[in-house]
Amino acid sequence: MQAQGATHKTIAQCARAVYRAEGLQAFYVSYPTTLCMTVPFTATQFVAYESISKVMNPNKEYDPLTHCVAGGLAGAVAAAVTTPLDVIKTLLQTRGITQDPEARTARGLFDAATIIQRKFGWTGFLRGIRPRIISTMPSTAICWYVPVLINERNHHADSCRTSYEMAKAYFKHQQDET
């Protein structure tokens, strides 16, 4: 409904039209690509966050700004690394409204990647990288900072950690016990 040229006024109207035209599988055509993008995004984000946090705060002192900045930068790195998969996912998700007959017949990740490479070359996989990075940074900064803020508001400043850091401490404790 956000795509240029979309004619549907409601989500239900859009869903019915897609189902009639392409069947149930149309709702899942980009699902494998979404999973292939989400897993590396999350892994990259955690690794980048950990690395950036160590550089910004080597003494591991309480510093909410470090969580926020490192989280935003980690999100930027993860967004950049996974942009090619996002481009593929977008082609698959918009195939029903595109005027390109070749894109309309894309059946999955490899078909879409072949189309993108043939039409735009290797740089086609980086289309939209700047807006993706810019839109991802604030949300990931917030995601890394909010748990710290909540703990701080509850007067637990000495135990302010992100969800990631709490999970990491849990698993380290589990490993130490074995």
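Residues numbered from 1 in each chain as written. Predicted model: local features only at pLDDT ≥ 70, side-chain atom pairs only at ≥ 80, totals over all residues. Heavy atoms only, no water.

### Examining a nonpolar patch on the surface
Here comes step 1: Where nonpolar side chains cluster on the molecular surface, the patch consists of Y19, L24, F27, Y28, Y31 and L35 and spans about 670 Å² of accessible area.
Here comes step 2: Of note, L24 is situated in the loop between α1 (11-22) and α2 (31-56).
Here comes step 3: According to the relative accessible area criterion, L24 is exposed, its value standing at 52%. (Patch = residues over 30% accessible without salt bridge, like charges linked within 9 Å, V, L, I, M, F, W, Y side chains within 5 Å. Areas by Shrake-Rupley, 256 points an atom, 1.4 Å probe, with all protein chains shown as cover. Salt bridge = Lys/Arg side-chain N within 4 Å of Asp/Glu carboxyl O. Helix = DSSP H or I, 4+ residues; strand = E, 2+ residues; numbered from the N terminus. Buried < 20%, exposed > 50% of the residue type's maximum accessible area, 1.4 Å probe, protein only.)

### Describing the packing of aromatic side chains
Here comes step 1: Enumeration over the complete set of coordinates arrives at three aromatic pairs.
Here comes step 2: Relative to W144, the ring of Y49 lies with its centre 3.7 Å away and its plane at 5 degrees, an arrangement referred to as stacked. In this pair, Y49 is assigned in helix α2 and W144 in helix α6 (residues 129-153), connecting sequence segments 95 residues apart. Summarising the burial analysis for this pair, Y49 and W144 share the class buried. (Phe/Tyr/Trp six-rings, centres within 6.5 Å; stacked < 30°, edge-to-face > 60°.)

### Regarding the side chain of T66
Here comes step 1: Relative to the helices and strands, T66 resides in helix α3 (residues 64-93).
Here comes step 2: A distance of 2.5 Å separates polar atoms of two side chains, one belonging to T66 and the other to D63. (Polar contact = N/O pair within 3.5 Å; in protein donor to acceptor, adjacent residues only side chain to side chain.)

### Overview of the nonpolar core
Here comes step 1: Membership of the largest hydrophobic core comes to 13 residues, with the highest contact counts inside it found for I88, L91, L92, A106, A112, I116 and F125.
Here comes step 2: The set of elements that each furnish at least two residues to this core consists of α3 and α5 (109-120).
Here comes step 3: In contact with A106, not counting residues within four places along its chain, are L91, L92, R95, D111, A112 and I115.
Here comes step 4: Ranked by size, the runner-up nonpolar core spans six residues in total, among them A48, Y49, A74 and W144. (Core = buried A, V, L, I, M, F, W, Y, C linked by side-chain atoms within 4.5 Å. Contact = heavy atoms within 4.5 Å.)

### Focus: the environment of S135
Here comes step 1: Along the chain, S135 turns up in helix α6.
Here comes step 2: Spatially, the C-alpha atoms of S135 and A79 are 9.3 Å apart, while their sequence positions differ by 56 residues.
Here comes step 3: At 3.2 Å, the side chain of S135 forms a polar contact with the backbone oxygen of R132.

### Side note on the packing of α2 against α3
Here comes step 1: Where α2 contacts α3, the axes come no closer than 7 Å and their chain directions differ by 160 degrees. The angle between α2 and α3 falls in the class roughly antiparallel. Both α2 and α3 take part in a crossing whose hand is right-handed.
Here comes step 2: Its residues assigned to classes, the contact of α2 with α3 comprises 19 nonpolar, 11 polar and two charged. (Axes fitted to C-alpha atoms, helices over the stretch in contact; angles between N-to-C directions. Parallel < 35°, antiparallel > 145°, perpendicular 65-115°, else oblique. Left-handed = near helix turned anticlockwise from the far one by under 90°. Nonpolar A, V, L, I, M, F, W, Y, C, P; charged D, E, K, R; others polar.)

### Overview of α3
Here comes step 1: For α3, spanning 30 residues, the distance from its first C-alpha to its last is only 38 Å, which falls clearly below the expected 44 Å at 1.5 Å a residue.
Here comes step 2: Largest kink in α3: about 55 degrees, centred on T83, with the proline P84 one to four residues after it. (Expected span 1.5 Å × (residues − 1). Bend = angle between axes of the 7 residues up to and from the residue.)

### A word on the pattern of salt bridges
Here comes step 1: Under the definition given, this model contains six salt bridges.
Here comes step 2: The closest approach of N and O atoms between E102 and R118, which form a salt bridge, is 2.1 Å. One end of the pair, E102, is in helix α4 (residues 101-104); the other, R118, is in helix α5, with 16 residues separating them in the sequence.
Here comes step 3: Among the residues examined, E102 registers a relative accessible area of 25% and is labelled partly exposed.
Here comes step 4: Look at the salt bridges and you will find they share partners, linking D100, E102, R118 and K119 into a network.

### Focus: the confidence of the model for the chain
The predicted coordinates of low-pLDDT regions are not to be read in fine detail.
Here comes step 1: This prediction gives the chain a mean pLDDT of 85; 88% of its residues lie at or above 70.
Here comes step 2: Here helix α7 (residues 163-177) stands out as the least confident element of the chain, with mean pLDDT 72; α5 is the most confident, with 94. (pLDDT = per-residue confidence, 0-100.)

### What to know about the packing of α3 against α5
Here comes step 1: For the pair α3 and α5, interaxial distance at closest approach is 9 Å and the crossing angle is 100 degrees. In terms of orientation, α3 and α5 fall into the roughly perpendicular class. Judged by residue contacts, L85, V87, I88, L91 and L92 of α3 engage L109, A112, A113, I115 and I116 from α5.

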